[in-house]
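Reading the structure
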Amino acid sequence: MLSFKNMSIRKKLILMQVFTSVLVLVIMFLIFIITDVKAYKQRKVDSTMSIAQVLGTNSISVIQFQDPQAAMEMLNQLHSVSPSIIQAAILNSKGEVVAQYAPEGSKPIKPPANMRDSAHRFTDSTLMVTYPIISANENIGKIILVSKLVELKKTLRDNYRFAIILILVAVGFTFIVANVIQGYISKRLLLLVNTMKKVHKTGNYSTPLIDEGNDEITTLINVYNGMMEQISENVKKKDEFIGIASHELKTPLTTIKGYVEMLQMMEEDPAKKQFVDSAFKNVLKLEDLVKDLLDVSKIESGQLQLEMAEFDISQLVDETIASAQETSANHQIKRNDELKEVMIYGDRKRIEQVMINLLSNAVKYSPGEKEVIVTLEKNQHDLTVRVRDFGLGIPEEEHEYIFDRFYRTKGSSVHISGFGLGLYICRDIIKRHGGKIWIDSMDKGTRFNFSLPILTKTQQAEK
Amino acid sequence: MILKKLLFIVLLSCTGIHVSAQDATQEANLKAAFIYNIAKYIDWGGYNNRNEFIIGVVGNSSKVIIPLQEIAKNRTIANKRIVIVTIDNLAQIKDCDIVFISKESPFSLSSILSRLAPGELTISESKGYASRGTDFNFVIVDQRLKFEANLKAISSSGLKAGSQLLKLAIITD
């Protein structure tokens, strides 16, 4: 069974309302039934008492003239007039029975010894009434009537049936009403939850939630909006900072790179040249990082522009493989297709950036002497480039985050450098080309793919 | 004490007293009580201006006289003291409220009936007397003491009998 604790707010709200209404109804019906039964019993006592009274008055002469036959006739008449009276007796003052009728086989009536002259007593299904017969202030006998409470059972049964039907109807209505009311509360909560999930996924903090209520949920939503505002303000500041920092870093870095490059050309001493080479290599690395930061800041601010032209991607791939091979002598980077001269329309420099990124990732994440295989595939509409490595691999659950900003795989060791911006930039570039970039799971290692549409110039122009 | 006992038997004990099983005294007691009880159900009108209620018994050897006298001691009818007289002379009849014509009556019925004044009730205990003109007549039916009522006679005497009384009576013409 579902415990109350684990239920959704929606169900809790409905349950609470239904339970409350059922409780109220049950209490109401109990009171109603008790009152009804009490009233019924009182009516029954009153009516039986008055019958006894009439009978008593009519029995005076019967007792005085000792006429049991007449008494019997009277009782029989009584029985036919009110059949609910199942037993009746006329007693004289000694308590002896003058006349009585009783169902066959039943014992003669005997009133309890402690019963007063004018009294009534209930059993489960009967009512016994006694009434004195008084003539000229003299108590000359007693009437005893036993009435069956047939209507009581019927009344009770009817009441219960009525109550159950009404409670069922009420539960139905409360359920409907509760459903409507809970919608007002839980819908807003769910909206908040879903928005938070979406924000968590997209990182888009700037859309505020609108709520027209004026309760705790509204407060919650307002607090949430305030938080989101603060976060998006912080994100904006961070982006601004990245933009400014990367710009400010780039200028001195260009100068340093120029001088180090010059030094590299000028230096003849092999020992010193080695230092300069090393410095130059690190300057290049630094330059790459700064460039990545600049690209991100451009992407964020929407300033990344593509310079579109027609170019041969096959040739571009060969070039990038060659340059990547140059920087990592330990890896074997191979191309594994026969495609030649595949013309596509795009920003050659940016596509090159994507290729370099993927290749350097493949090398970075497959330490040791390993193979990296590049494959080009072409169909009528698309060209697909696949970069396959046999390295550490990326767990499947991380695939959806791998293209996010500043995301680095959990398994990344400290030795593998980078901000986690490369794939984010790649995705943006490919997206801007109308293409797709994705990751495939492999038994060993990873395969990154991107596809670009093959468009003729006219198609491009139309676009 | 005797009276009390008697009243008990007569008024209150109703568990089928079989007349034939009793002796004559018992029957007389019952009849006396019936006379008293019948008197209670009669609307006596304004005929009696006296301070007492007179029950005349015709036949001075009747056993009913003694129990009637017992009843008269501390009971009243129509708020009047009860006086029991024996009627030896037909001239006494006009001064009674109830005339009880016993079996021992020395007079003929017609001679008694012809001397009744308005507002007088006649009760007899001889077979066929009710149909011959008395208002009430004691009979034994199924070994029980019962009484006949002659409605014509009652109304012609200017009296009214209560329905409670008449419902127990055997009505005769």
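Here is what the cut-offs are and how they apply
Residues numbered from 1 in each chain as written. Chains lettered and ligands numbered in written order. Predicted model: local features only at pLDDT ≥ 70, side-chain atom pairs only at ≥ 80, totals over all residues. Helix = DSSP H or I, 4+ residues; strand = E, 2+ residues; numbered from the N terminus. Buried ≥ 20, exposed ≤ 12 C-beta atoms within 10 Å, placed from the backbone. Pairing = 2+ DSSP bridges. Axes fitted to C-alpha atoms, helices over the stretch in contact; angles between N-to-C directions. Contact = placed C-beta atoms within 7 Å. pLDDT = per-residue confidence, 0-100. Parallel < 35°, antiparallel > 145°, perpendicular 65-115°, else oblique. Left-handed = near helix turned anticlockwise from the far one by under 90°. Nonpolar A, V, L, I, M, F, W, Y, C, P; charged D, E, K, R; others polar. Expected span 1.5 Å × (residues − 1). Arc of directions from axis to C-beta.

1. Quick notes on the overall build of chain A
When helices and strands are tallied, chain A shows nine helices and twelve strands. Among the 463 residues that make up chain A, the fraction classed as buried is 24%.

2. Considerations on the sheet that holds strand β2 (residues 97-101) of chain A
All names here are of chain A. Judged by pairing direction, the sheet is antiparallel, and its five strands sit side by side in the order β2-β1-β5-β4-β3 without closing on themselves. Of all strands in the sheet, those with a lone pairing partner are β2 and β3 (119-122), marking the two edges. Across this sheet, the average inter-strand angle for adjacent strands is 10°, counted without regard to direction. For strand β1 (residues 85-92) and β2, the ladder comprises four bridges, and the chain directions are antiparallel. Residue pairing in the sheet places A88 in a bridge with Y101 of β2. Running at roughly 35° to strand β4 (residues 126-135), helix α1 (residues 9-64) makes contact with β1, β2, β3, β4 and β5 (138-148) of the sheet.

3. What to know about the confidence of the model for chain B
Residue and element names in this part refer to chain B. The share of residues in chain B with pLDDT of 70 or more is 87%, and the mean pLDDT across the chain is 85. Counting contacts from residues 1-21, a segment whose pLDDT is below 50, to residues more than four positions away or on other chains yields 37 contacts. For this predicted complex, the interface score ipTM comes out at 0.77, while the overall pTM is 0.56.

4. What about the pairing of strand β7 (residues 136-141) of chain B?
Working note: regular strand, side chains alternate between the two faces of the sheet. Residue and element names in this part refer to chain B. Relative to β7, strand β6 (residues 121-124) runs parallel, the two being bridged by two bridges. Bridge pairing in β7 places S124 opposite N137. Pairing of β7 with strand β8 (residues 144-150) involves six bridges; the strand directions are antiparallel. Bridge pairing links V141 to R144 in β8. What sits between β7 and β8 in their antiparallel hairpin is a turn of two residues, with D142 showing a positive phi close to 50°.

5. Regarding the sheet that holds strand β9 (residues 371-378) of chain A
Residue and element names in this part refer to chain A. Read across the sheet, five strands follow the order β7-β9-β10-β12-β11 without closing on themselves; strand pairing throughout is mixed. Where the open sheet ends on each side, the last strands, each with one partner, are β7 (332-335) and β11 (436-441). Sheet twist, expressed as the average angle between the axes of neighbouring strands with direction ignored, equals 15°.

6. Some points on the pairing of strand β12 (residues 446-453) of chain A
All names here are of chain A. By the bridge criterion, seven bridges tie strand β10 (residues 382-389) to β12 in an arrangement that is antiparallel. From the neighbouring strand, L383 faces β12, where its bridge partner is L452. Bridge count for β11 against β12 is six bridges, and the pairing is antiparallel. Bridging across to β12, K436 finds its partner in S451. From the end of β11 to the start of β12, which pair antiparallel, there are four residues, and G445 there has a positive phi angle of about 80°.

7. Considering the packing of helix α5 (residues 270-301) of chain A against helix α8 (residues 422-432) of chain A
The relative placement of two packed helices comes down to the angle between their axes together with the axis-to-axis distance. Residue and element names in this part refer to chain A. Where α5 meets α8, the closest approach of the two axes is 10 Å, and the angle between their N-to-C directions is 45°. When the interaxial angle is binned, α5 and α8 end up oblique. As α5 runs across α8, the sense of the crossing is left-handed. Taking contact as the criterion, the partners of D292, D295, V296 and I299 in α5 are, on α8, G422, Y424, I425 and D428. By residue class, the composition of the contact of α5 with α8 is four nonpolar, one polar and three charged.

8. A look at the packing of helix α2 (residues 24-40) of chain B against helix α3 (residues 65-74) of chain B
Residue and element names in this part refer to chain B. At a minimum axis separation of 8 Å, α2 and α3 run at an interaxial angle of 45°. In this view, α2 runs oblique relative to α3, as classed from their interaxial angle. You can see that α2 and α3 cross each other, and the crossing is right-handed. On the side of α2, the interface is formed by A28, N29, A32, I35 and Y36, while α3 contributes P67, L68 and I71. Among the residues forming the contact of α2 with α3, the class breakdown is seven nonpolar, one polar and no charged.

9. Comments concerning helix α6 (residues 313-327) of chain A
Residue and element names in this part refer to chain A. Between its terminal C-alpha atoms α6 stretches 21 Å, which fits the 21 Å expected from 15 residues at 1.5 Å a residue. Of the positions making up α6, those classed as buried are I313, S314, L316, V317, T320 and A324. Mapping the buried residues of α6 onto a view down its axis gives an arc of 155°, with all of them on the same face. Projecting away from the buried face of α6 at angles above 90 degrees are the exposed residues A322 and E326. Turning to α6, the residues buried within the fold contact β6 (309-312), β7, β8 (343-346), α7 (348-364), β9 and β10.

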